[in-house]
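# Coordinate inspection notes
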There are 2 protein chains.
Amino acid sequence: MIKASVFVKLKPSVLDPQGKAITSKLTELGYDSVMDVRVGKVIEIQFDESDKASVSEQVEKICATMLANPNIEDYSYNIEIVE
Amino acid sequence: MIKASVFVKLKPSVLDPQGKAITSKLTELGYDSVMDVRVGKVIEIQFDESDKASVSEQVEKICATMLANPNIEDYSYNIEIVE
């Protein structure tokens, strides 16, 4: 089994209202050293195979076509063998 | 500067409809070895300080009280000095 963890984040140039809301709330609560918060997604995909190269190729395709919006989001991933 | 990356995931016992929808779609598209998909959040917090222990304590409190719902979500985080 292989687990791929995909991280999808808004590009740095894209405004993140959810992150801004958390930043404001934390400042209000007294966390004065919090400068910025950005919120993204993590998508964990379990593959029933053990060929890392094949999984990596599939994950790349899945990210580019389905999980991330290339106009506003960046993605990265790591792949590990589990069990 | 310190960057804390917080990962918030649904507990394994909690149904993840978004993950199930992605699994179905991937199977439909021919990714036959995909067994399961779970979707979570990643929250990156920038702190303007360099004391890892202090930041770690703050992040623990922020996670437990604000970022995760302890009834249905688990969280983990890592802390790294940046710049």
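Relevant structure appears above.
We now turn to the structure provided with this report. (Residues numbered from 1 in each chain as written. Chains lettered and ligands numbered in written order. Predicted model: local features only at pLDDT ≥ 70, side-chain atom pairs only at ≥ 80, totals over all residues. Heavy atoms only, no water.)

Below, the discussion takes up the sheet that holds strand β2 (residues 34–47) of chain B. An order of β3(A)-β1(A)-β2(A)-β2(B)-β1(B)-β3(B) is seen for the 6 strands of this open sheet, with the pairing classed as antiparallel. Each having just a single partner strand, β3 (73–81) of chain A together with β3 (73–81) of chain B make up the two edges of the open sheet. Strand-to-strand twist of the sheet, defined as the mean angle between neighbouring strand axes without regard to direction, takes the value 20°. Judged from the 13 bridges that link them, strand β2 (residues 34–47) of chain A and β2 of chain B form a sheet pairing that is antiparallel. Across the sheet, residue D36 of chain A finds its bridge partner in β2 of chain B, namely Q46 of chain B. (Pairing = 2+ DSSP bridges. Helix = DSSP H or I, 4+ residues; strand = E, 2+ residues; numbered from the N terminus. Axes fitted to C-alpha atoms, helices over the stretch in contact; angles between N-to-C directions.)

Another aspect to go through is the pairing of strand β1 (residues 2–10) of chain B. Residues and elements named next belong to chain B. With 7 of its 9 residues buried, β1 lies for the most part within the structure. Two strands pair when backbone bridges link them, and β1 and β2 are joined in this way by 7 bridges, in the antiparallel orientation. Bridged to I2 within β2 is F47. Two strands pair when backbone bridges link them, and β1 and β3 are joined in this way by 9 bridges, in the antiparallel orientation. When the sheet's bridge partners are listed, I2 is paired in β3 with I81. (Buried < 20%, exposed > 50% of the residue type's maximum accessible area, 1.4 Å probe, protein only.)

We now examine the interface of chain B and chain A. Across the boundary between the two partners, chain B contributes 30 residues, which contact 30 residues of chain A. Roughly 2600 Å² of surface becomes buried between chain B and chain A when both sides are summed, with 65% attributable to carbon and sulfur atoms. Our count for the chain B to chain A interface comes out at 2 salt bridges. For the salt bridge of K9 of chain A with E44 of chain B, the shortest nitrogen-to-oxygen distance reads 2.7 Å. Our count for the contact surface shared by chain B and chain A stands at 14 residue pairs in polar contact (both at pLDDT 80 or more). Those elements giving two or more residues to the side of chain B that touches chain A turn out to be β1, α1 (17–28), β2 and α2 (52–67) of chain B. (Contact = heavy atoms within 4.5 Å. Buried area = accessible area lost by both parts, 1.4 Å probe. Salt bridge = Lys/Arg side-chain N within 4 Å of Asp/Glu carboxyl O. Polar contact = N/O pair within 3.5 Å; in protein donor to acceptor, adjacent residues only side chain to side chain.)

All names here are of chain B. Here V59 is to be found in helix α2. Judged by relative accessible area, which is 0%, V59 ranks as buried. When the C-alpha atoms of V59 and I45 are compared, they prove to be 8.7 Å apart, with 14 residues separating the residues in sequence.

So, about the pattern of salt bridges. Between side chains of opposite charge, pairing is possible as soon as their charged atoms come close. Summed over the entire model, instances satisfying the criterion amount to 12 salt bridges over all chains. Where E44 of chain A meets K3 of chain A, a salt bridge forms, and the shortest distance between an N and an O atom there is 3.8 Å. On the criterion of sequence distance, the pair formed by E44 of chain A in strand β2 and K3 of chain A in strand β1 (residues 2–10) is long-range, its members being 41 residues apart. Shared partners join several salt bridges into a network, and the residues in it are K3, E44 and E80 of chain A together with K9 of chain B.

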